[in-house]
Amino acid sequence: MTMHKVDLSRPTQMPSISSRMDPVIKALKGSSVRLTVQVSGEPAPRVSWQRDCVSVENYTQLSAHEDSNGACHLDIEAVTEETEGKYTITAANTAGRTTKSIQVQMIENLQVYEAYKKFEK
């Protein structure tokens, strides 16, 4: 039994979140960062973002939006002590719920950041 209306013409599919991003993003202090993931599911999942278990709506330096291709973006205006942390996206629909987390770490020293970028390549 279900409490939800079931449309048999469209199969129900659990939400899924995919990303080409590393699970840990290191960014230079003061730089902007965009976290992007692809969300799918049927019916279309509801999406929400949290930073360290707090909704990103509570932060003026963060903005979340979805584009017409199903990609969900979280823009961090400037990476600082206040904005570094664990960012979690949750996608939920009548078939279930899934989450994905990305850790954003701040690097203050330009030389260390440049060395990290060279190592990353």
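Structure's up top.
Quick caveat: nothing in here was measured; it's all calculated off a predicted structure. Throughout this description, residue numbers start from 1 for each chain and increase along the sequence as written. Whole-chain, interface and lining totals are the exception, using all residues; otherwise, since this is a predicted model, local features are given only for residues with pLDDT of at least 70 and side-chain atom pairs are given and counted only at 80 or more. Hydrogens and water are ignored here; the side-chain numbers use all heavy atoms of the structure.

Novice: Whenever I open this one, the sheet that holds strand S9 (residues 96-107) confuses me. Can you help?
Specialist: Sheet strands pair by backbone hydrogen bonding; their relative direction is either parallel or antiparallel. Strand pairing is assigned whenever DSSP identifies at least 2 bridges connecting the two strands. Secondary structure elements follow DSSP: runs of H or I no shorter than four residues count as helices, runs of E no shorter than two count as strands, and numbering proceeds from the N terminus. Spatially, the five strands line up as an open sheet ordered S2-S9-S8-S4-S5, and their pairing is mixed. In this open sheet, the two edge strands, each paired with only one partner strand, are strand S2 (24-28) and strand S5 (54-55). In this structure, strand S8 (residues 85-93) lies alongside S9, joined through nine bridges in antiparallel fashion. The residue of S9 that forms the bridge with Thr88 is Ser101. It only takes one pair of heavy atoms within 4.5 Å for two residues to be counted as in contact. To obtain each axis, a line is fitted to C-alpha atoms, and for helices this fit is confined to the stretch in contact; angles are then taken between N-to-C directions over 0 to 180 degrees. Of the strands in this sheet, S2 and S9 touch helix H1 (residues 110-120), which is tilted by about 140° from S2.

Novice: Even after reading the chapter, I still don't get the pattern of salt bridges, so can you show me in this structure?
Specialist: Two side chains bearing opposite charge may form a pair once their charged atoms approach each other closely. Salt bridges are defined as contacts in which a side-chain nitrogen from Lys or Arg sits within 4 Å of a carboxyl oxygen from Asp or Glu. Under the defined criterion, the tally for this structure stands at three salt bridges. The partner of Arg34 in a salt bridge is Asp75, with the nearest N and O atoms 2.7 Å apart. Of this pair, Arg34 sits in strand S3 (residues 33-42) while Asp75 sits in strand S7 (residues 71-76), and the two are 41 residues apart along the sequence. Between Arg51 and Asp52 there is a salt bridge, with its nearest N and O atoms 3.6 Å apart.

Novice: Before we go on, may I ask you to explain unusual backbone geometry in this structure?
Specialist: Keep in mind that most residues, glycine aside, have a negative phi and that most peptide bonds are trans. For the peptide bond that leads from Glu42 to Pro43, omega is 0°, which places it in the cis range. Counting through the fold element by element, Pro43 comes out in the loop between S3 and strand S4 (46-51). The phi angle at Asp52 is positive, at roughly 50°, despite the residue not being glycine. Relative to the helices and strands, Asp52 is located in the loop between S4 and S5. For Cys53, which is not a glycine, the phi torsion comes out positive at approximately 70°. Among the structural elements, Cys53 can be located in the loop between S4 and S5. For Cys53, a relative accessible area of 78% puts it in the exposed group. A simple rule labels every residue: compare its accessible area, found with a 1.4 Å probe on the protein chains alone, to the largest value its type can have, and call it buried under 20%, exposed over 50%, or partly exposed in between.

Novice: Explain the nonpolar core here, please?
Specialist: Within soluble globular proteins, side chains that are nonpolar generally end up buried alongside one another. The biggest cluster of nonpolar side chains holds 21 residues, and the ones touching the most others in it are Leu35, Val37, Trp49 and Tyr87. The set of elements that each furnish at least two residues to this core consists of S2, S3, S7, S8 and S9. Counting residues per element, this core draws most heavily on S3, at four residues. Every residue in contact with Leu35, bar those within four places of it in the chain, is listed here: Met21, Ile25, Trp49, Cys72, His73, Leu74, Tyr87, Ile102 and Val104. For the purposes of this section, nonpolar cores are sets of buried Ala, Val, Leu, Ile, Met, Phe, Trp, Tyr and Cys residues that join through side-chain atoms within 4.5 Å.

Novice: Help me understand the environment of Thr83, please; the structure alone is not making it clear to me.
Specialist: In this fold, Thr83 is placed in the loop between S7 and S8. Given a relative accessible area of 0%, Thr83 falls into the buried group. Placed 35 residues apart in sequence, Thr83 and Ser48 show a C-alpha to C-alpha distance of 17 Å. Other than its neighbours up to four places away in sequence, Thr83 contacts Arg51, Gln61, Leu62, Ile76 and Ala78. We define a polar contact as two N or O atoms separated by no more than 3.5 Å, with the added condition that, inside protein, one atom must be a possible hydrogen donor and the other a possible acceptor, whereas residues neighbouring each other in sequence contribute only through side-chain atom pairs. Within the structure, the side chain of Thr83 is placed 2.8 Å from the backbone nitrogen of Thr80, a separation counted as a polar contact.

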